[in-house]
Amino acid sequence: MKIEIIHDVPVSPNFANRDAALVSAYPASTVTRADDLLCVYRNGTAKHSRDGVLLSQRSRDGGRTWSNPVTIHDAMNGEHPESVHTGVVAEAADGQTLAFFTTVEAIKADVYIFSEEGRALRQRMWVASSPDGGDSWSPPRELDLPGLPPNRYVGSRPLVTADGALILPIEATAPAGQQVMLAAISLDAGRTFAPPFPIAYDQTSQLGFGDGKFAELDDGSVIMLTWTYRHPSEETIAVHRCVSSDRGRTWSPPQPTDLVCQILAPAVLNNSQLIAAGTVRTVPEGIRLFAGHDAGQTWDHDHAIQLWDPRQLRITGQPLPLNAAADPDKGGLWDALPSFTFGTPDLIPLNDTDVLMTYYAIVDDITHVRACRFRLHP
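Everything in this summary refers to the structure shown in the same document. As the structure is a prediction and not an experimental result, all values here were calculated from the model.

Broken down by element type, the chain carries two helices and 28 strands. Over its C-alpha trace the chain gives a radius of gyration of 19 Å, about what one expects of a compact globule, namely 21 Å for 378 residues. Oriented by its inertia axes, the alpha-carbon framework of the chain measures out at about 55 × 50 × 40 Å. If you take every contact in the chain between residues at least 6 apart in sequence, the share linking residues at least 24 apart comes to 52%. Here the chain displays about 14900 Å² of accessible surface, and carbon together with sulfur accounts for 51% of that area. Both charge centroids of the chain, one from 30 positive and one from 45 negative side chains, sit 2 Å from each other.

This part is about the pairing of strand β25 (residues 314–319). The pairing of strand β24 (residues 305–309) with β25 spans four bridges and is antiparallel. Within β25, the position partnered with Ile 305 by the bridge is Pro 319. Between the end of β24 and the start of β25, which pair antiparallel, lie four residues, with Leu 313 showing a positive phi angle near 55°.

Time to look at the state of the cysteines. Counted according to the given criterion, the structure contains zero disulfides. Cys 261 provides the cysteine sulfur closest to Cys 242, a residue in no disulfide bond, and the two sulfurs are 15 Å apart. For Cys 242, a relative accessible area of 0% gives the class buried. Here Cys 372 is not cross-linked by a disulfide; its sulfur's nearest cysteine counterpart is in Cys 39, at 13 Å.

Moving on to the sheet that holds strand β27 (residues 354–363). Read across the open sheet, the four strands follow the order β1-β28-β27-β26; overall the sheet is antiparallel. Only two strands of the sheet have a single partner each, and these edge strands are β1 (2–10) and β26 (342–349). Across the sheet, the mean angle separating the axes of adjacent strands is 25° when strand polarity is ignored. Pairing between β1 and strand β28 (residues 366–377): eight bridges, direction antiparallel. In the sheet register, Ile 5 faces β28, and the bridge partner there is Phe 374.

For the coordinates displayed, the defined rule picks out five aromatic pairs. When the ring of Tyr 26 is compared with that of Tyr 360, the centres are 5.6 Å apart and the planes differ by 75°; the resulting orientation is edge-to-face. Of this pair, Tyr 26 sits in strand β2 (residues 23–31) while Tyr 360 sits in strand β27, and the two are 334 residues apart along the sequence. With respect to burial, Tyr 26 and Tyr 360 carry one shared label: buried. Relative to Phe 193, the ring of Phe 100 has its centre 6.0 Å away and its plane inclined at 80°; by these criteria the two rings are edge-to-face. With Phe 100 in strand β7 (residues 97–105) and Phe 193 in the loop between β13 (179–186) and β14 (197–200), this pair connects stretches of sequence that are 93 residues apart. Taking NZ or CZ as reference, Arg 18 lies 4.8 Å from the ring centre of Phe 15, over its face. Note that Arg 281 overlies the ring of Phe 340, its terminal NZ or CZ placed 3.7 Å from the centroid.

So, on to the nonpolar core. For soluble globular proteins, nonpolar side chains are generally found buried alongside one another. Within the largest apolar cluster, 32 residues are counted, with the highest numbers of intra-cluster contacts made by Phe 100 and Leu 168. Broken down by secondary-structure element, the contributors of at least two residues to this core are β3 (37–44), β6 (82–91), β7, β8 (123–130), β12 (166–173) and β13. Counting residues in hydrophobic clusters, the runner-up holds 23 residues, among them Ile 315, Leu 347, Val 355 and Phe 374.

To continue, consider the pattern of salt bridges. Enumeration according to the criterion identifies 18 salt bridges in this entry. With a shortest N-O distance of 3.1 Å, Arg 311 and Asp 309 are connected by a salt bridge. Each of Glu 4, Asp 354, Arg 373 and Arg 375 takes part in a single network of salt bridges with overlapping partners.

Reading across from one edge, β2-β3-β4-β5 is the order of the four strands in this open sheet, with antiparallel pairing throughout. Edge positions in the sheet fall to β2 and β5 (70–73), since each has one partner strand and no second. Averaged over all pairs of adjacent strands, the angle between their axes in this sheet comes to 30°, without regard to strand direction. For strand β4 (residues 53–59) and β5, the ladder comprises three bridges, and the chain directions are antiparallel.

Its location among the elements puts Asp 219 in the loop between β15 (207–216) and β16 (222–230). Looking at Asp 219, the relative accessible area reads 64%, which means it is exposed. A C-alpha to C-alpha distance of 26 Å links Asp 219 and Tyr 201, two positions 18 residues apart in sequence. Separated by 2.6 Å, the side chains of Asp 219 and Ser 221 make a polar contact.

Here is what the cut-offs are and how they apply
Residues numbered from 1 in each chain as written. Predicted model: local features only at pLDDT ≥ 70, side-chain atom pairs only at ≥ 80, totals over all residues. Heavy atoms only, no water. Helix = DSSP H or I, 4+ residues; strand = E, 2+ residues; numbered from the N terminus. Rg over C-alpha atoms; globule rule 2.2 N^0.38 Å. Contact = heavy atoms within 4.5 Å. Areas by Shrake-Rupley, 256 points an atom, 1.4 Å probe, with all protein chains shown as cover. Lys, Arg positive; Asp, Glu negative; His and termini not counted. Charge placed at Lys NZ, Arg CZ, Asp CG, Glu CD. Pairing = 2+ DSSP bridges. Disulfide = S-S within 2.5 Å. Buried < 20%, exposed > 50% of the residue type's maximum accessible area, 1.4 Å probe, protein only. Axes fitted to C-alpha atoms, helices over the stretch in contact; angles between N-to-C directions. Phe/Tyr/Trp six-rings, centres within 6.5 Å; stacked < 30°, edge-to-face > 60°. Lys NZ or Arg CZ within 6 Å of the ring centre and 35° of its normal. Core = buried A, V, L, I, M, F, W, Y, C linked by side-chain atoms within 4.5 Å. Salt bridge = Lys/Arg side-chain N within 4 Å of Asp/Glu carboxyl O. Polar contact = N/O pair within 3.5 Å; in protein donor to acceptor, adjacent residues only side chain to side chain.

Take it as geometry only, folks, not as evidence of what the structure does.
What follows is the structure, given as structure tokens:
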């Protein structure tokens, strides 16, 4: 696999403004019917601070330049302030742009959200809509989905399948403390949802699943790739894969792939090529691009491409095989999250060869959102 880097640019204005006090992170992106690109992300004083707001920016030139931010949700100034945790975006089958997000009570500012005390804070899920591709947003509507645990997050982009169904991935904390992946399906462009159901859930509580990312293959099947870890040691193991042959209604049990990393975000190009951007946290770290085979069961380790390189603080686009001799994951993920300097890659195919990846990175002590457009060559 060979790629050409077309451009890699900052999206969030805090980088150009040299504003290290403002932290922009956790982007998710989509293509609108007008062929514009829309990126939503969280702004706050830290990645998990209790003062988060959700913003969107649009690009009309393939990701090279971006509009000024538009506020989707800011609930910090009301009687009962709430902080945005994460948000995602998708364009529904009826053309409405939808932003799904989670809020957390904005109290006890020094309490880490993934601590025992932080998980006790009230969390709510919302959806806002835009009729004009992100220029304006409706007041959000709370999603009241029955049966969800108190700790639930929307951190992965919904999938709109070829038949118009919208599959919303939800990560939740099970009673035994491990993460599980669920889904809620809407058949009316996000207006209503069927009750959520589990996709990846280990009944023995030995494994946790999170950051589930969807892709629809050319045969109509849908795959979900999910970060998988041992509970309670938090040791990351092989990414697991679930498959649906009925566009998300039922799923196979999670099975391990041959790739060990955290987030693995897949995309299918028009030539049926399956690729994925993976967040590798073992030496050498980075966001890496892999070519997939067997509907995502196996991945080309020897011809991986390094995208974001945290040592060089740039996109390299150079081959970097997965290092089989790298140190194993040492666990302790939840405590380590605030120290991560890059992450949450999201892939958007633009045509047969070009792909946009949005992600966050720290450069010059500024945590900001970036967009990289690259081209695959035979």
